[in-house]
Amino acid sequence: MQPLDQEQLVRAIRLRERAALAAALNLLDDKRPASRSSAITLLTKLQAGQSKNNSRLIGITGPPGAGKSSLTAALISVWRQRGLSVGVLAVDPSSPISGGALLGDRLRMKTSSEDDGVFVRSLACRGQFGGLSAEVWPMSLVMLAAFDITLIETVGVGQREIDVADMCDTTCYVAQPGSGDSVQFLKAGILEVPHILVVNKEDMGAVARRTLSELGAAMSREHNEGNWTVPVLSASATKGSGIEALADVMEKHHSVLREQNLIEQRRHHYQGKWILKRLHEEFGSNGLTRLGGVDSTLDQLQTHSSTLFEQYEALRQRLL
Amino acid sequence: MNQETVQRDRPWLMRTYSGHSSAKASNELYRMNLSKGQTGLSVAFDLPTQTGYDSDHPLARGEVGKVGVPIDHIGDMEALFDQIPLDQMNTSMTINATAPWLLALYVAVAERQGVDPAQLQGTTQNDVLKEYLSRGTYIFPPEPSVRLTTDLIAYTVENIPKWNPTNICSYHLQEAGATPTQELAYALSTAIAILDAVKASGQIPEERFPDVVGRISFFVNAGIRFVEETCKLRAFNRMWDAMAEQRYGVEDPKKRRFRYGVQVNSLGLTESQPENNVQRIVLEMLAVTLSKNTRARAIQLPAWNEALGLPRPWDQQWALRMQQVLALETDLLEYGDLLDGSPVVEAKVQELIAGAESEMARVADQGGMVQAIESGYVKRELVQSHTRRMRNIESGELKIVGVNCFEQTAESPLTTGTDSGIMKVDVQAEQQQIAGLQAFRAARDQQVVDRALNALKEAAVGGANIMPSSIDCARAGVTTGEWSEVLREVFGEYRAPTGIDISMAGQTDSAAMDAVRAHVRSTGEELGRPLRLLIGKPGLDGHSNGAEQIAVKGRDAGFEIVYEGIRLTPAQIARAAQEEGVHLIGLSVLSGSHLELVEDIHAELEKIGAASIPLVIGGIIPEDDAQQLKAQGVQAVFTPKDVDMNAIMTTMVDVIRSTNGLAG
């Protein structure tokens, strides 16, 4: 890859230039040492300016077949009508044998192929069974710098849901009418994590209404974070019903978080966890011990999120 | 034997699937074919006509007149049948999503010829369900598509009683990989879905329902395993008869007859040593003619050079002569059924019926064929079967002479002529068609057109049978694109499941596959991230089997694959490649419009600053075009000759290596 002029790249990302966005995402994916260090520089520069913008990081998760992609598409079209630009990171499973993957459901998400206000990058989870692929967080920072809304779509299976809910400001769980999954998850405590529940396919009628009332009955309680009661909504991505209301609730959650100054705090907290996880992956628990243990490492990561990536790289260098 | 004393059966209808360039050129071809002894017509429409776009629509670029004749309006349809009296012709139209429209045009032309539409004979293929699984010329979602299909059936049963309103197709299922059992199961499940829908529509009085059943016909494939194929047809015969009697209460055995037309298999035709296709075609024809009790009603044979490009008139004549020799020279038609009473045949038939019945039960459990298609189940099963077939060819378990054994060949004199043994479509044809269309639009009475379109919309929304208002549109000078646009507006557009999310076979992997995987992985490591490949099907061509196989194989080889099904615009492909950060774009084009599409995709990549992404292409691409594509910067061209999928994968990795400056 050509050495990139970082200042120029950051400017181009903020202007949503397609080629720059693509190049930045490719760079963050690139594991070669030279690329890693320019990626760190890029992320640091991006984060330095981030507090200025009011962009939102939203997660959509749920069981396979619940219609997440169609719902995403419907949301995108509502957001576009409201004049908001959208970046999507769609996470798909990879094969444990070959490492290969079939990615994306891009077309379902796109309202128009020529719309520069929407940009979709698909990601394979590349063996990260416990959660999102490692690249999602850095890539979301590029998207946040460029778009009003950054949306992470991922298949929800237990841990991965918790991970996406940790990372995103607002997480929406899409339930499939009639399947026992949602109620099972509820019992297992997984559904305490999302901020919004939506039962898709309300056009299925009675089945959807039953799931809605089951979830409604079980979920009428406060979220453990912020001043927020988890709403249970009904929608149909294919018929386009309930989507405006869903978008409204997402916006409301965002302003609730913002009022309480929780957004920076959440993102900073997640980034600390992300760094620990990466260090653990690369150097094992021995490595973390060498840095003085988990708690001490977290302490070493100072409070300014704009330099966290630099600090991460410094910790790596100590271990290498 | 004394010829006069022998009572010979009447031969089947002999057709050739044809049409190209323009209505006028196709009409000349039809009249020539008829003068050579062809006894019916089989119209091939171009992709814009099949998918409901006018010739001047941006999506139609490069596709006009390529795989069939362009029909934009009644003027084109009239020219297509110039000097061919429709009351004396039996015309089969391979048309599905826009079938009601093409039949409406046919009726309107009959009126202009002074022919009573009630006299018309022929077939509209009108089986949209299989389009979601193979071939891909669907437009609307399944529910409204089934409604249009049933409207056409209900209309013809009442008004054009000798018409075959639908040809339920197992043909394309086999092309998509179906085993004989799957062909039986899915075709008959489709028939159930359609007949149940006609019944539920309430358009036909209960006592007339046997007439509906009696008008349902089938379009079947015949592959090279001709003994099994014959047994498959006997199984079809028996299962259909039982279904008509038991499920639909048809008492008259004549109305329970399994009536079918055939195009023998194109999937098995090879590009290498193409002359061998002649004996393949003849053997496949035996499968549908040997057994008198299940003999085809109509046969069309592909030309020997289909895998190379478009057949010329002489190639089509050769295909017709094969039929004539079998029907007129041999003694086949002098005997009763040759296979009745054979215990070997009977055992095979029983085995196929048992397999098909259990697969039909699985489909029924899911709520029927429409639901099993929407959920992606059927497509996945087909992709799985097709993948198995490709693996068997690769491993040599399935022998194809001249392809994976006995590859050595002397140079064929058939392909060395100046035209390389195929036909070239006149490049002027598209421009002329567009000019004609625009002149036609300018000359018509717009008020009459608007009124007709309004009435069509009312019928679509209100649920009235779509045929009468469509026929009015035809008379008024509405165009194919306008008719389709009204229905798109009302019904919406559909994207079918791609079916490539099948699981990997795992253990059967060869050393060659391991080597490819290592190559993919190490190149990814050298480039810093896993190799990403976009498989794109641009244009209107819906033959996605090749693209699906490459996508599945690529995933198994360790690529991260972006594949989104058919009918993408060059802009969509270019932008997706950029957004997804792919290392390579692989295009699949079978319609012959590769030159225009590649040119457009290059232009789009250039426009968005992604011109550095390399491009490879696969399809039915003649050698001259391959040279031209390479000159345009395409890095590799794959044709049906390339059956070694590991070699294709290796080439793709090598292209990525060389464009990224890595050592080979």
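Thresholds applied
- Residues numbered from 1 in each chain as written.
- Chains lettered and ligands numbered in written order.
- Predicted model: local features only at pLDDT ≥ 70, side-chain atom pairs only at ≥ 80, totals over all residues.
- Heavy atoms only, no water.
- Helix = DSSP H or I, 4+ residues; strand = E, 2+ residues; numbered from the N terminus.
- Buried < 20%, exposed > 50% of the residue type's maximum accessible area, 1.4 Å probe, protein only.
- Contact = heavy atoms within 4.5 Å.
- Areas by Shrake-Rupley, 256 points an atom, 1.4 Å probe, with all protein chains shown as cover.
- Expected span 1.5 Å × (residues − 1).
- Arc of directions from axis to C-beta.
- Core = buried A, V, L, I, M, F, W, Y, C linked by side-chain atoms within 4.5 Å.
- Salt bridge = Lys/Arg side-chain N within 4 Å of Asp/Glu carboxyl O.
- Domains from an automatic or database assignment.
- Buried area = accessible area lost by both parts, 1.4 Å probe.
- Polar contact = N/O pair within 3.5 Å; in protein donor to acceptor, adjacent residues only side chain to side chain.
- Nonpolar A, V, L, I, M, F, W, Y, C, P; charged D, E, K, R; others polar.
- Phe/Tyr/Trp six-rings, centres within 6.5 Å; stacked < 30°, edge-to-face > 60°.
- Pairing = 2+ DSSP bridges.
- Bend = angle between axes of the 7 residues up to and from the residue.

Attention now moves to the overall build of chain A. What chain A contains, in helices and strands, is 13 helices and 8 strands. Buried residues in chain A amount to 57% of all 320 residues. Restricting the contact set of chain A to residue pairs at least 6 apart, pairs at least 24 apart contribute 76%. Surface exposure of chain A reaches about 12,800 Å², of which carbon and sulfur atoms provide 51%.

In this section: helix 16 (residues 446-462) of chain B. All names here are of chain B. Given a rise of 1.5 Å per residue, 17 residues ought to cover 24 Å, and the 24 Å separating the end C-alpha atoms of helix 16 matches this to within 8%. Within the sequence span of helix 16, burial applies to Val 449, Ala 452, Leu 453, Leu 456, Ala 459 and Ala 460. Across the axial projection of helix 16, the buried residues extend over an arc of 120 degrees, all falling on one side. Facing away from the buried side of helix 16 by over 90 degrees, the exposed positions are Gln 447, Arg 451, Glu 458, Val 461 and Gly 462. Where helix 16 is buried, its residues meet helix 5 (142-159), helix 17 (466-476) and helix 18 (480-491).

The subject of this paragraph is the nonpolar core. Residues and elements named next belong to chain B. Core analysis: the biggest nonpolar cluster contains 87 residues, and Leu 129, Tyr 186, Phe 218, Trp 240, Tyr 260, Met 369 and Val 378 have the highest contact counts within it. With 12 residues, helix 7 (residues 180-201) is the largest single contributor of residues to this core. Ignoring sequence-local partners within four residues, the contact set of Val 378 consists of Leu 133, Tyr 186, Met 369, Ala 372 and Ile 373. Residues Ile 74, Val 115, Val 449 and Ala 452 belong to the second largest nonpolar core, which totals 55 residues.

Scanning the model with the defined rule gives 60 salt bridges over all chains in all. Ionic pairing is found between Asp115(A) and Arg80(A), a salt bridge with its closest N-O pair at 2.8 Å. Remark: Arg80(A) occurs in helix 4 (residues 68-81) and Asp115(A) occurs in the loop between helix 5 (106-109) and strand 4 (118-124); sequence separation between them is 35 residues. Taking the relative accessible area as the measure of exposure, Arg80(A) reaches 27% and is therefore partly exposed. Connected through salt bridges with shared partners, the residues Arg18(A), Asp116(A), Arg575(B) and Glu579(B) form a single ionic network.

In many analyses, interface size is given as the accessible surface area lost on bringing the parts together. Residue and element names in this part refer to chain A. Here chain A is partitioned into domain 1 (1-52), domain 2 (54-260) and domain 3 (261-320). In this complex, domain 1 contributes 17 residues to the contact, which on the side of domain 2 involves 17 residues. Approximately 1,600 Å² of surface area, both sides summed, lies buried where domain 1 meets domain 2, with 63% of it carried by carbon and sulfur atoms. If you sort the residues of domain 1 by the area they bury against domain 2, Arg 16, Arg 18 and Leu 25 come out on top, with a joint share of 36%. One can count 4 residue pairs in polar contact (both at pLDDT 80 or more) joining domain 1 with domain 2. Elements with a minimum of two residues in the side of domain 1 that touches domain 2: helix 1 (6-14), helix 2 (18-29) and helix 3 (33-48). Tallying contributions element by element places helix 2 first for the side of domain 1 that touches domain 2, with 8 residues. Of the residues that constitute the side of domain 1 that touches domain 2, the class distribution is 8 nonpolar, 3 polar and 6 charged.

It is worth spelling out the packing of aromatic side chains at this point. The tally for this structure, following the rule as stated, stands at 20 aromatic pairs over all chains. Taking 5.7 Å as the distance between ring centres and 70 degrees as the angle between the ring planes, the aromatic pair formed by Trp274(A) and Tyr312(A) counts as edge-to-face. You can see Trp274(A) sitting in helix 11 (residues 262-290) and its partner Tyr312(A) sitting in helix 13 (residues 308-319), a full 38 residues away along the chain. Where Tyr132(B) meets Tyr138(B), the ring centres are 4.9 Å apart and the plane angle is 40 degrees; that geometry is what we call tilted. You can call Tyr132(B) buried: its relative accessible area is 3%.

What follows concerns the sheet that holds strand 3 (residues 41-44) of chain B. Residues and elements named next belong to chain B. Spatial ordering of the open sheet is given by 2-3-4-5-6, a layout of 5 strands whose pairing is parallel. Two strands bound the open sheet, and with one partner strand each, they are strand 2 (17-18) and strand 6 (163-164). Bridge count for strand 3 against strand 4 (residues 90-94) is 4 bridges, and the pairing is parallel. Each bridged residue has a counterpart across the sheet, and for Ser 42 the counterpart in strand 4 is Ser 92.

Moving on, we get to the environment of Asp419(B). All names here are of chain B. Within the secondary structure layout, Asp 419 lies in the loop between helix 14 (377-395) and helix 15 (429-443). Given the relative accessible area of 28%, Asp 419 is considered partly exposed. On a C-alpha basis, the gap between Asp 419 and Phe 218 in space is 36 Å, while along the polypeptide they are 201 residues apart. Ignoring any residue separated from it by four or fewer positions in sequence, one finds Asp 419 in contact with Arg 312 and Lys 424.

On to helix 11 of chain A. Every α-helix carries 3.6 residues per turn, so stepping three or four residues along brings you back to the same face. All names here are of chain A. For helix 11, which comprises 29 residues, the first-to-last C-alpha distance of 32 Å sits more than 12% below the rise-based estimate of 42 Å (1.5 Å per residue). Helix geometry: helix 11 is bent most strongly at Phe 283, by close to 115 degrees. In the stretch just after helix 11, Gly 292 is the one whose phi turns positive, near 105 degrees.

Once that is clear, we can look at the environment of Arg657(B). Residue and element names in this part refer to chain B. Tracing the chain through its elements places Arg 657 in helix 24 (residues 645-659). C-alpha of Arg 657 to C-alpha of Gly 62: the two residues are 595 residues apart in sequence and 32 Å apart in space. Setting aside chain neighbours within four positions, we find Arg 657 in contact with His 519, Thr 523, Glu 526, Leu 662, Ala 663 and Gly 664.

So, on to the pairing of strand 11 (residues 532-536) of chain B. All names here are of chain B. Most of strand 11 sits out of view: 5 of its 5 residues are buried. Alternating positions in strand 11 separate into two faces, Arg 532, Leu 534 and Gly 536 on one and Leu 533 and Ile 535 on the other, with burial throughout. The pairing of strand 11 with strand 12 (residues 560-563) spans 4 bridges and is parallel. The residue of strand 12 that forms the bridge with Leu 534 is Val 562. In this structure, strand 11 lies alongside strand 13 (residues 584-589), joined through 4 bridges in parallel fashion. By the bridge assignment for strand 13, Leu 533 is matched with Leu 584.

At the interface, 37 residues of chain B touch 31 residues of chain A. Contact between chain B and chain A buries roughly 2,800 Å² in total, counting both sides, with carbon and sulfur atoms accounting for 48%. For the pair chain B and chain A, the interface holds 2 salt bridges. Among the salt bridges present, the one from Asp116(A) reaches Arg575(B), with a minimum N-O distance of 2.5 Å. Counting across the chain B and chain A interface gives 14 residue pairs in polar contact (both at pLDDT 80 or more). Here the element with the most residues in the side of chain B that touches chain A is helix 21 (residues 570-580) of chain B; it accounts for 7 residues.

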